[in-house]
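Here is what each chain is made of, one letter per residue.
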Amino acid sequence: MRLYDIKENVADCNLSGMVHMDESSAQTAPPIRWTLYSYVVTHDTGFSPNPFFGYCTLACCKPTIRKNAKIGDWVVGLSPKRADNRIVYFMRVDETPLVDLYWSDRRFAKKKPRYDATVVMKCGDNIYEPQSSGEYRQLRSTHSHRQTDVEDPERKAMDLRGKRILISETYAYFGARMPELPPSLDSLIVGRGHKCRFSDEVKVEFLRFVKNVGLGGVRAVPRQWRNGDDSWMRA
């Protein structure tokens, strides 16, 4: 089985382009052009990724992935080894705007953190306000110094090095109800950094997994979340 491409809209996870082939025809099939990225979500707080308000966004952390991922690529976030390398989320990259456009896009206004509101609003990842000088102001957020109005220069530099924001409407976020990683996808397991060099066979297995578990946005509360707070359910 090989995959030629994915439908532009796979909201129902009807992954077209997957065809059965014998070994001889598979040898002449065109290669899969999109890239699959895997990495470890060390802190699953609802900030990075931020799966709320109808979009899964990766706006902070993982600068190399954000700088290089293109529309049509897929990103998989795994739990750390101590949490059994389970699947925290997956997303297809649907948009890759620059930081300035992410800030000004009205669709993502709710992803600007507010500390006078619910927990889910504090998780906002739209935290870099463009300045007339060409610089950016880091908002009070998960990445500011101790979540105060004081900027964290190191995290700020890391975040802005990624240049782009990864945005998806084609995703599933599992949070505290992470499914196991199938044995056929063990090659996605990664330590530090990320992986992005996978065979076409692994990519096909990944899409088969996506089709089996489905999309559906946010499935459960983030693993590191305030007990008793259900604001994530209304986001």
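The preceding data block contains the structure.
Because the structure is predicted, anything quoted here is derived from the model rather than measured.

Asker: Any chance you could explain the environment of Glu 201 here in plain terms?
Answerer: Relative to the helices and strands, Glu 201 resides in helix H6 (residues 200-213). We classify Glu 201 as partly exposed; its relative accessible area is 46%. Separated by 169 residues in the primary sequence, Glu 201 and Ile 32 place their C-alpha atoms 9.5 Å from one another.

Asker: I keep staring at the packing of aromatic side chains and nothing clicks. Help me out?
Answerer: The description of an aromatic ring pair uses the distance of the two centres, along with the angle that the planes make with each other. By the definition in use, this model includes nine aromatic pairs. A centroid spacing of 5.0 Å and a plane angle of 40 degrees characterise the contact between Tyr 102 and Phe 108, whose relative ring orientation is tilted. Considered together, Tyr 102 and Phe 108 belong to a single accessibility category, that of buried residues. Chaining the aromatic ring pairs together yields one cluster made of Trp 74, Phe 90, Phe 174, Phe 206 and Phe 209. The residue whose ring lies beneath Lys 112 is Trp 103, and the NZ or CZ to ring-centre distance is 3.9 Å. The side chain of Lys 203 reaches across the aromatic face of Trp 34, ending 5.4 Å from its centre.

Asker: What exactly am I supposed to notice about unusual backbone geometry here?
Answerer: It is generally the case that most residues other than glycine have a negative phi and that most peptide bonds are trans. Geometrically, the link from Ser 48 to Pro 49 is a cis peptide bond, its omega value of 10 degrees lying close to zero. Positionally, Pro 49 belongs in the loop between strand S3 (36-40) and strand S4 (56-58). Look at Phe 53: it is not a glycine, yet its phi comes out positive at around 65 degrees. Position of Phe 53 relative to the elements: it lies in the loop between S3 and S4.

Asker: So what exactly am I meant to see when it comes to H6 here?
Answerer: For H6, built from 14 residues, the straight-helix expectation of 20 Å at 1.5 Å per residue is met to within 8% by its first-to-last C-alpha distance of 20 Å. By the burial criterion, the buried members of H6 are Asp 200, Val 202, Lys 203, Val 204, Phe 206, Leu 207, Phe 209 and Val 210.

Asker: Help me out: how do you make sense of the layout of surface pockets in this one?
Answerer: In this approach a probe as big as a water molecule rolls over the atoms, and the regions it shows empty are the leftover space. When its volume is computed, the largest pocket comes out at roughly 870 Å³. Thr 42, His 43, Ser 48, Cys 61 and His 143 are, among the 32 residues lining the largest pocket, the residues nearest its centre. For the lining of the largest pocket, the secondary structure elements donating two or more residues are S3, helix H4 (119-122) and helix H5 (153-161). Of all the elements, H5 adds the most residues to the lining of the largest pocket, at three residues. Among the residues forming the lining of the largest pocket, the class breakdown is 14 nonpolar, 11 polar and seven charged.

Asker: Is there a simple way to think about the pattern of salt bridges in this case?
Answerer: When their charged atoms lie close together, side chains carrying opposite charge are able to pair. Applying the stated criterion across every chain yields a total of 10 salt bridges. The residue Arg 92 makes a salt bridge to Asp 94 at a minimum N-O spacing of 2.8 Å. Between Glu 205 and Arg 208 there is a salt bridge, with its nearest N and O atoms 2.3 Å apart. Taken together, the positions of Glu 205 and Arg 208, both in helix H6 and three residues apart, correspond to about one turn of that helix. In this structure Glu 205 comes out as partly exposed when scored by relative accessible area, which is 26%. Arg 208 gets classed as partly exposed once you look at its relative accessible area, which sits at 27%. A single network of salt bridges, built from pairs that share partners, joins Glu 95, Asp 105 and Arg 107.

Cut-offs and rules
Residues numbered from 1 in each chain as written. Predicted model: local features only at pLDDT ≥ 70, side-chain atom pairs only at ≥ 80, totals over all residues. Heavy atoms only, no water. Helix = DSSP H or I, 4+ residues; strand = E, 2+ residues; numbered from the N terminus. Buried < 20%, exposed > 50% of the residue type's maximum accessible area, 1.4 Å probe, protein only. Phe/Tyr/Trp six-rings, centres within 6.5 Å; stacked < 30°, edge-to-face > 60°. Lys NZ or Arg CZ within 6 Å of the ring centre and 35° of its normal. Expected span 1.5 Å × (residues − 1). 1 Å grid on protein atoms, 1.4 Å probe; cavity = no way out; pocket = protein on both sides within 12 Å on 5 of 7 lines; lining within 4 Å. Points joined across faces, edges and corners; volume = space filled by probe spheres on them. Nonpolar A, V, L, I, M, F, W, Y, C, P; charged D, E, K, R; others polar. Salt bridge = Lys/Arg side-chain N within 4 Å of Asp/Glu carboxyl O.

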